[in-house]
Amino acid sequence: MLEIKDLVKRYGGGDPVLKNLDLTIEGESVVSIIGSSGAGKSTLLRCINRLVEPTSGSIELNGTELTRLRGRNLRAARRKIGMVFQGFNLVDRLTVMENVQSGRLGYISTWAAILRRYPKEDIRRAYELMERVGIAHYANTRADQLSGGERQRVGVVRALMQNPDILLADEPTASLDPKTSEQIMGLLRDLAGELKLPVLINIHNVAEAKEYTDRIVGMRYGRIIFDHKPARLDQEEMDRIYSGSPHADRNENLREAS
Amino acid sequence: MTSISEQFGREDWSRFSSRQKWQRFAIFAICVLAIAWSISSIEVVWAWVWDAPSQMGDLFKRMYPLDTTNLATILRVLWETVNIATFATAFAVLMSLPVAYLSAQNTTPNRATLWLGRLILVTSRSVNTIIWALLFVAIFGPGVVAGIIAIMFRSIGFIGKLLGEAIEEIDKRPVEALEATGASRFKVIAYAIVPQVMPTFWAVAILRWDINLRESTVLGLVGAGGIGIILQGAIDTFNWPEAATVLLAILALVILGEVVSAFLRRRIL
Amino acid sequence: MSETHDTWRKPPFISNPVIRWAVYLVALAYFLWVGATMPIDWGRVAEGFARAGRIFGGAFPPSFERSGLLIDGFLESLKIAVLATAGGVLLSIPIAFMAARNVAPLPIYYFGRFVIILARSFHPVIVAIVFVKAVGFGPFAGMLTLVVYSIGFVAKMLAERIEEIDFGQVEAMRAAGAPFLSTIFYAIFPQIMPRQIGLTIYQLDSNLRASAVVGIVGAGGIGATLANAFGRYDYDFALAITIVIVGVILVSEGLSGQIRKRIA
């Protein structure tokens, strides 16, 4: 279970990007976060695995408080959080197998990592997962030889190799064409079911969010203003989520304050 | 009726405004003054200057025909020259890795190490190979050791600088991704940074080997091994036919080196 | 695929195993054999560390007592660099045109290339000892050396730039009936001028560096001063000279970088 309480993130001295945000994700549900650019979706996701340092508040994953971890403990916690990126973030000059195994780096010894002597069970699991998403025949191919959809499959397998307790996906389909992007979303949904894994997806495409996820969280300028089943997301709610500008929002704050 | 030229009243045109003209004139004047100052104050025996073309012609005439009696020795020492360049490059490549790591802003542990890295680079780069060689000949005595270490010291700065810049220019997204998997700093470097700088690494190593081949041909002049000793010996004894043979051998070596490094570059990159 | 895979090897860089092991073995044999047969006097090397201590001990603190000598040496280096840059760049322009495939006829092209290869192949120090023998000790030999050195670099880079120019502009001039030299001045010079100025400034900087070296073999400048100090075991003066050389090189590198950035 992921439990976020009163989370604030402020860059420098400016307006907070996340404003006292609360969010709980239980069980193996697929949750999507929607909202216009700059709403803080990406910052929220990166606060969870601490790629971005939260300013205040608490994030608990299965009883472990993440916000205060440092060094070795932080790395141990990160192993349990898989992440899929918009730009795939693969190491282009390594083979698909090495990219996939890089998800296990937190578990294996440094020597094994450098000499590429991966444990047998890791290799077996890698082949199983690659087979599952249809890229097993690329194991020895360099990552930059693959198409966008195939690269994102590598990204997904890398995250799953971590044996995560939760999977975060930051705009996983924004760099893909519509057909491939549907395939990836379908894959994320199916894998969540098969592996009993909660998945948190930032997404721009509302139609995909409605079709492939169990729950939609709508964000506007650092706040959650919608959190329901996809069916409840009607035109009126859509307008509420996607309207306004940071500037207008700030004025609203002023009015509330005065 | 007025003609077009009368209507517009302009027959003159100039490319630059008067301010630009003055600027250009000033820069030009500075260049001319610098050259004039250099010519007028340099300590040159002008008679020798006017004599130079005939002296050069005379020199080349004395080089012919080539004297190849010592060709075997020349080739053996030429091989030693190649070895100096190769060994020095190999050691320099290994030693420049930690320096590059320290001097790249995104990998260096802290500010102090960053400045340490940069200090090593600057020191190594600003002192010429020959000057390094003078120093190491004084320390280790004449011979190849001084030569190898001198070339190595100069190469560390060159390779380290280019490699450090390559590290600073990598794609940061894979680094972020591997940090998100909980990998340690060292493993992130091994998996996300090393593969990205590998092409630059090989390119720089090959380039420096090519340069070092040329540098190692002159080490002998200060006693640090290689073909330079034979060349100096031949020139000092006015044995121009042999000097010409050595010069041609060096020319062949350098051109061969360029061919080899072009081949390696094509194969590896 | 029904059987389970649990082994994986990274595909090797050279896929043919025979060639791969041959390359490894040859490389290993080379380094072992050459390393073992290198004429190294280990006793002398071991002594070296004590000697290094003495040299560095003698070098500290650096002595600026004879700063007059130092300044004279430097001014001479500067003069050599300025004159060599001026001469080298002027000579480079016609050679670059000769060595550009798109403007020069084939025989002239080969000649131009040959001149550039010849100028590039020899280290300035080798060129310097030949010139010292031909025209005598002193700055004139240094200047000639650096002229050759400048041609090797400037003419090569300039020829590459000329080969990249937009030839449409040349055609336009020819179509307007412009004579040969006017075509060069109007259609080619404007395209290569920025590169030419940048190269000139860069070459002035590298000539200054090189002039510190060619002096060691008698071609004038600060290098001669340094070699003398070393020869007389005046390590404190040698260190002072080295410090000044490094300082001047850093300043001139910074300056030339700034100017080139401003121009580009």
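Worth saying up front: this structure is predicted, and the values here are computed from it rather than measured. Throughout, a residue's number is its position along its own chain's written sequence, starting from 1. Following the order in which they are written, the chains are lettered starting with A and the ligands numbered starting with 1. Since the coordinates come from a predicted model, pLDDT governs what is reported: local features require at least 70, and pairs of side-chain atoms require 80 or more to be given and counted, while whole-chain, interface and lining totals use all residues.

**Things to note about the overall build of chain A**
Each helix and strand in chain A was counted, giving ten helices and ten strands. Taking 258 residues into account, the globule formula puts the C-alpha radius of gyration at 18 Å, and chain A, at 19 Å, falls close to it. A principal-axis box enclosing the C-alpha atoms of chain A has dimensions of 65 × 40 × 30 Å. Counts of 20 or more other C-beta atoms within 10 Å of a residue's own C-beta define buried residues, counts of 12 or fewer define exposed ones, and intermediate counts define partly exposed ones; C-beta atoms are placed from the backbone. When burial is assessed residue by residue, chain A has 43% of its 258 residues classed as buried. Nonlocal contacts in chain A, meaning residues at least 24 apart in sequence, comprise 67% of its contacts between residues at least 6 apart. For the purposes of this entry, the term helix denotes a DSSP run of H or I that reaches at least four residues, the term strand denotes a run of E that reaches at least two, and both are numbered from the N terminus. Within these notes, the globule rule equals 2.2 Å times the number of residues to the 0.38 power, and the radius of gyration is based on C-alpha atoms. By the convention adopted here, residues are in contact when the distance between their C-beta atoms, placed from the backbone, does not exceed 7 Å.

**Quick word on the overall build of chain C**
Of regular secondary structure, chain C possesses ten helices and zero strands. A globule of 264 residues ought to have a C-alpha radius of gyration of about 18 Å, yet chain C, at 26 Å, is considerably larger. Sorting the 264 residues of chain C into buried and exposed places 40% on the buried side. Across chain C, the fraction of contacts at a sequence separation of at least 24, relative to all contacts at a separation of at least 6, is 72%.

**Overview of the interface of chain C and chain A**
On the chain A side, the residues contacting the eight residues of chain C number 13 residues. By the convention adopted, Pro, Cys, Tyr, Trp, Phe, Met, Ile, Leu, Val and Ala count as nonpolar, Lys, Arg, Asp and Glu as charged, and the other residues, Gly among them, as polar. For the side of chain C that touches chain A, the per-class residue count stands at three nonpolar, three polar and two charged.

**Quick notes on the interface of chain C and chain B**
Counting from both sides, the interface comprises 40 residues of chain C and, opposite them, 42 residues of chain B. Listing elements by their share of the side of chain C that touches chain B, those giving two or more residues are helix H2 (42-59), helix H3 (67-98), helix H5 (124-135), helix H6 (139-163), helix H8 (180-214), helix H9 (222-231) and helix H10 (235-263) of chain C. Looking at the side of chain C that touches chain B residue by residue, the class counts come to 27 nonpolar, six polar and seven charged.

**Concerning the sheet that holds strand S10 (residues 223-228) of chain A**
All names here are of chain A. Strand order across the open sheet formed by six strands is S6-S7-S8-S3-S9-S10, with mixed pairing between neighbours. With partners counted over all chains shown, the strands left at the sheet margins are strand S6 (81-84) and S10, one partner each. Going from strand to strand, the sheet's axes swing by 20° on average, the running direction of each strand aside. Strand pairing is assigned whenever DSSP identifies at least 2 bridges connecting the two strands. Across four bridges, the pairing between S6 and strand S7 (residues 166-170) is parallel. The partner of Ile81 across the bridge, within S7, is Ile166. An axis is simply a line fitted to the C-alpha atoms; with a helix, the fit covers only the stretch in contact. Between two such axes, the angle follows the N-to-C directions and lies from 0 to 180 degrees.

**Comments concerning the nonpolar core**
For this analysis, nonpolar core means a set of buried Ala, Val, Leu, Ile, Met, Phe, Trp, Tyr and Cys residues linked through C-beta atoms within 7 Å. Ranked by size, the top nonpolar core spans 220 residues in total, and within it B:Ala133 and B:Phe136 carry the most contacts. When neighbours within four sequence positions are excluded, B:Phe136 is seen to be in contact with B:Ala146, B:Ile149, B:Ala150 and B:Ala224.

**Brief notes about the sheet that holds strand S1 (residues 2-10) of chain A**
Note on sheets: strands pair through backbone hydrogen bonds, and any given pair is parallel or antiparallel. Residues and elements named next belong to chain A. Strand order in the open sheet formed by four strands is S2-S1-S4-S5, and the pairing between neighbours is antiparallel. Edge positions in the sheet fall to strand S2 (16-25) and strand S5 (64-65), since each of these pairs with one other strand and no more. Strands S1, S2 and strand S4 (56-61) of the sheet are contacted by helix H1 (residues 41-48), whose axis makes an angle of about 60° with S2.

**Digging into the environment of C:Tyr202**
With respect to the element layout, C:Tyr202 can be found in helix H8. Spatially, the C-alpha atom of C:Tyr202 lies 22 Å from that of C:Gly220, the residues being 18 residues apart in sequence.

**With respect to the packing of H3(C) against H6(C)**
Residue and element names in this part refer to chain C. Where H3 meets H6, the closest approach of the two axes is 6 Å, and the angle between their N-to-C directions is 40°. Viewed along their axes, H3 and H6 adopt a mutual orientation that is oblique. For the element pair H3 and H6, the recorded crossing hand is right-handed. Looking at side-chain class alone, the contact of H3 with H6 contains 20 nonpolar, six polar and two charged residues. Here the word oblique covers every angle except those under 35 degrees (roughly parallel), over 145 (roughly antiparallel) and from 65 to 115 (roughly perpendicular). Each crossing gets its handedness from the near helix: less than a right angle anticlockwise from the far helix is left-handed, clockwise is right-handed.

**Details of the pairing of S10(A)**
Residue and element names in this part refer to chain A. In this structure, strand S9 (residues 215-220) lies alongside S10, joined through five bridges in antiparallel fashion. Across the sheet, the residue bridging to Gly218 is Phe226, located in S10. Linking S9 back to S10 in an antiparallel pair, the connection comprises two residues, with Tyr221 at a positive phi of about 45°.

**A few points about the environment of A:Gly155**
Residues and elements named next belong to chain A. Along the polypeptide, Gly155 turns up in helix H6 (residues 148-161). Distance from Gly155 to Glu131, taken between C-alpha atoms, is 14 Å for residues 24 residues apart in sequence. Excluding residues that lie within four positions of it along the chain, Gly155 makes contacts with Val84, Phe85, Phe88, Asn89 and Leu90.

**A few points about unusual backbone geometry**
Residues and elements named next belong to chain A. Despite not being glycine, Asn89 shows a phi value in the positive range, around 55°. Within the fold, Asn89 resides in the loop between S6 and helix H3 (96-101). Positive phi, normally seen in glycine, also occurs at Lys196, with a value near 50°. Mapped onto the fold, Lys196 is located in the loop between helix H7 (178-195) and strand S8 (199-202).

**As for H1(A)**
In terms of residue burial, H1(A) counts as a mostly covered element, since six of its eight residues are buried. Positive phi appears at A:Arg50, one or two residues downstream of H1(A), with a value of about 65°.

**Structural notes on the confidence of the model for chain A**
For every residue, the pLDDT score states the predictor's confidence, bounded by 0 at the bottom and 100 at the top. When pLDDT is averaged along chain A, the result is 85, and 94% of the positions lie at 70 or above. Within the model, the stretch residues 254-258 of chain A combines pLDDT values under 50 with zero contacts to residues more than four positions away or in other chains.

**Quick look at the environment of A:Arg125**
Following the sequence through the fold, A:Arg125 ends up in helix H5 (residues 120-133). Assessed through the 21 C-beta atoms surrounding it within 10 Å, A:Arg125 is described here as buried.

**Things to note about the confidence of the model for chain C**
Per-residue pLDDT for chain C averages 85, and the proportion of residues at 70 or more is 98%. With a pTM of 0.83, the predicted complex shows an ipTM of 0.82.

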